[in-house]
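Observations on the model geometry
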Amino acid sequence: MNIHPAKPLLLSFLLTGLFVMPAQAQSVPKDYRDWSVSCSNIKTCTTVSISGLNEMGVSSTLRGVPADSEMGWLWFEIEAGPTAKPKIIYSAMYTSAQPTPKNGSLRIIGRDGRSLRNGIFVLTADESGASQLSSADVDRFIELAQIGRAVLYSNGGSRKSTSFASLSGFVAALRAIEVTQGRTGTAGAWVDVGRIARERIPPAPATPRINAVAFTKLPIRTSIPKAVLERRKAECDDSERYDPGGQGIEGFSLGKGRILWSIPCGAGAYNAWSKFYLQDGRTSVIPYPFPGPESTASDEDAHSLVNVSIEPETGQISTFSKGRGIADCGTAETYTWDGTRFVLTTLLEMNACGGLMPDYWPQRVKTEVVPPAKARR
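Throughout what follows, the structure given in this document is the object of discussion.

Definitions and limits used
The residue count restarts for each chain, going from 1 along the sequence in the order it is written. Local features are withheld for residues below a pLDDT of 70 in this predicted model, meaning they are given only at 70 or higher, and side-chain atom pairs are given and counted only at 80 or more; totals for whole chains, interfaces and linings count all residues. With hydrogens and water excluded, all non-hydrogen atoms of the structure serve as input to the side-chain values. Pairing between strands is defined by DSSP: at least two bridges between the two strands are required. Only DSSP runs of H or I covering at least 4 residues are called helices, and only runs of E covering at least 2 are called strands; the numbering of each starts at the N terminus. For helices, the axis comes from a line fit to the C-alpha atoms of the stretch in contact; other axes are also lines fit to C-alpha atoms, and the angle between any two N-to-C directions lies between 0 and 180 degrees. Think of a salt bridge as a Lys or Arg side-chain nitrogen and an Asp or Glu carboxyl oxygen that are within 4 Å of each other. Type-normalised accessible area, obtained with a 1.4 Å probe on protein chains alone, sets the label of each residue: buried when under 20%, exposed when over 50%, and partly exposed for intermediate values.

What follows deals with the sheet that holds strand β22 (residues 316-322). Pairing in this open sheet of 5 strands is antiparallel, and the strands run β21-β22-β23-β24-β25 from one edge to the other. Sheet topology places β21 (309-311) and β25 (363-366) at the edges, where each strand pairs with a single neighbour. Pairwise comparison of adjacent strand axes, ignoring direction, gives a mean angle of 15 degrees for this sheet. Sheet topology places β21 next to β22; 3 bridges connect them, and they run antiparallel. Counterpart to Ser309 in the pairing with β22 is Ser318.

Here you go:
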């Protein structure tokens, strides 16, 4: 009988407690026409307009939207629980890292391309650099958006629209959020409203809490074990071109005789990747997995991270995997050392490549991380 080589590795980590599965994300991001929905482990849900964009431009022209309009971003987020209120923001810039002009407005148009009655909304500046819809206008906006075709953005008092966001799929996105948060059939729903009291909506799960433990980077002159160099030679085909002589190999003491080795393995146009190995004792060197919501320690590349940033003083390892060069899609993760294992404490993810910068990416995993005592000073 053939045994998968990763299975004994997985078993050894389970027995020794050197890794733990991350907090379970509530749902895999899913697209509904021009909207993408993602909910976190504490059931905070975010839906973002992806407006039918492909990498070359708008896939189809919407009636009532001027041909010279740029694509904007409409962003809707709500926490779980009966008292939570939605937050709606809009970015009028294709590249959302640019600040949206102040004193703008949104206008909802119907399927005939005409403005809906009472469908104009004044925006205010949001701390993120985008524009925010007033909380007093949120319910009216959601009601009209369900029968609208698109929202048009105008700067200041001008009626000329400069950008837009499609509303195709917005209703389906709201329904998905209602199901995830237990709002369906209650007075706290927007689409499938029912007679069940709002107070019957389940409360938000508690945010997981972890105490971060600092670790120590080994001195530059530390001798690299032969077993680590052999792993590099066997598993990093591109390492010699990317990191001649293994000068970029780094070691980190995790305490109790454990050393985590980071080996630069290769790079593409905008991503560089490293593989991690745990040395427990003088000779044993095994891959150290960083499992995610849809991956496990037995996955072939579970010990490989992209665009890594290691901060021993905070006890954290961060990664940023770009979907393309301008970094408007991909994933951003943070793993925190708790003295026993690295835990996935943050996960941001955006699958659609259309101009949305990481500050606006939906958060799938959220954890309250208490920094090490020295890092808090």
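Within the structure shown, the criterion is met by 12 salt bridges. Lys160 is the partner of Asp68 in a salt bridge, and the nearest nitrogen-oxygen pair spans 3.5 Å. Taken together, the residues Asp68 in the loop between β5 (57-58) and β6 (70-71) and Lys160 in the loop between β12 (150-154) and β13 (161-166) connect sequence positions 92 residues apart. In this structure, the salt-bridge partner of Arg232 is Glu240, at a minimum N-O distance of 3.0 Å. By relative accessible area, Arg232 is classed as buried at 10%. Judged by relative accessible area, which is 44%, Glu240 ranks as partly exposed.

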